Amino acid sequence: MSNEIELPRNWVCDGRELKPKTGSVISSTWIFDGKEIKPKTGASISNTWLWDGKELKPKSGASLTNTWVVDGQKIKPKSGANLSNTFMMGRESILVVAGQLVLRLW
């Protein structure tokens, strides 16, 4: 499988905050409190994601197609998973995984 999630060199993540390495501002910083992933400023129900240790899903409007499920070291859509939309998480935190898959930050 070639779909591997990696934190780009121009981003930093300590597990609680994800932001660009240079030029980061509060509006480009995402935070994770152990349950919710949301922007550091301007968080709302529509741009907040929930993590329960197994599934990553939007706080509002979750469905089978926009819910991601962790299976070992892989993460895939709850419905319609195939080789092209299944990703290896490696050692990346769920915040980095969310940054790439659902927030499309890079």
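Quantities reported herein were computed from a predicted structural model and do not represent experimental measurements. Once a new chain begins, its residue numbering starts again from 1 and follows that chain's sequence as written. Given that this is a predicted model, residues contribute local features only at a pLDDT of at least 70 and side-chain atom pairs are listed and counted only at 80 or more, while totals for whole chains, interfaces and linings are drawn from all residues. Side-chain numbers here rest on the full set of heavy atoms in the structure, without hydrogens or water.

Draft legend 1. Main features of the overall build of the protein chain. Numbering of helices and strands runs from the N terminus; a helix is a DSSP stretch of H or I covering at least four residues, while a strand is a stretch of E covering at least two. Check the secondary structure of the protein chain and you find 1 helix and 9 strands. C-alpha atoms define the radius of gyration, and 2.2 Å times the number of residues to the power 0.38 defines the globule rule. In terms of C-alpha radius of gyration, the protein chain reaches 13 Å, essentially the compact-globule figure of 13 Å for 106 residues. In terms of its C-alpha atoms, the protein chain occupies a principal-axis envelope of roughly 35 × 30 × 20 Å. By definition in these notes, contact holds between two residues if any of their heavy atoms fall within 4.5 Å. Long-range contacts, defined here as pairs at least 24 residues apart, represent 33% of the contacts in the protein chain between residues at least 6 apart. Only the protein chains shown count as cover for residues, and the accessible areas themselves come from Shrake-Rupley with a 1.4 Å probe. Summed over all atoms, the accessible surface of the protein chain reaches about 6,200 Å², with 49% contributed by carbon and sulfur. Distance from the positive charge centre (15 side chains) to the negative charge centre (10 side chains) of the protein chain: 2 Å. In this charge count, Lys and Arg are treated as positive and Asp and Glu as negative; neither His nor the chain ends contribute. Lys charges are placed at NZ, Arg charges at CZ, Asp charges at CG and Glu charges at CD.

Draft legend 2. The arrangement of the environment of F32 in detail. Relative to the assigned elements, F32 resides in strand β3 (residues 30-32). Overall, the relative accessible area of 12% leaves F32 in the buried class. Each residue gets one of three labels from its accessible area relative to the maximum for its type: buried under 20%, exposed over 50%, partly exposed in between, using a 1.4 Å probe on protein chains only.

Draft legend 3. View of the pairing of strand β6 (residues 55-58). Think of it this way: DSSP has to see at least two bridges between two strands before they count as a pair. Where strand β5 (residues 49-51) lies against β6, 3 bridges are found, and the strand directions are antiparallel. Among the inter-strand pairings, W49 is bridged to a residue of β6, identified as P58. Where β5 hands over to β6, the hairpin turn is made up of 3 residues, of which G53 adopts a positive phi near 95 degrees. Sheet analysis places β6 next to strand β7 (residues 68-71), joined by 2 bridges and oriented antiparallel. Note that in β7 the partner of L56 across the bridge is W68.

Draft legend 4. Molecular detail of the environment of N66. Here N66 shows up in the loop between β6 and β7. C-alpha of N66 to C-alpha of V102: the two residues are 36 residues apart in sequence and 8.6 Å apart in space. Setting aside its immediate chain neighbours within four residues, N66 contacts W49, L56, K57, P58 and G61. Polar contacts, as counted here, are pairs of nitrogen or oxygen atoms within 3.5 Å of one another; within protein the pair requires one atom able to donate a hydrogen and one able to accept it, and residues that are adjacent in sequence qualify only if both atoms are side-chain atoms. Of note is the side chain of N66, whose polar atom sits 3.1 Å from the backbone oxygen of G61. Of note is the side chain of N66, whose polar atom sits 2.6 Å from the backbone nitrogen of S63.

Draft legend 5. Broad picture of the pattern of salt bridges. Think of a salt bridge as a Lys or Arg side-chain nitrogen and an Asp or Glu carboxyl oxygen that are within 4 Å of each other. According to the stated counting rule, one finds 6 salt bridges in the structure shown. The salt bridge partner of E17 is K19, with a shortest N-O separation of 3.5 Å. One salt bridge in this structure joins D71 and K76, with 3.4 Å as the shortest N-O distance. Linked through salt bridges whose partners overlap, the residues forming this network are E17, K19 and K40.

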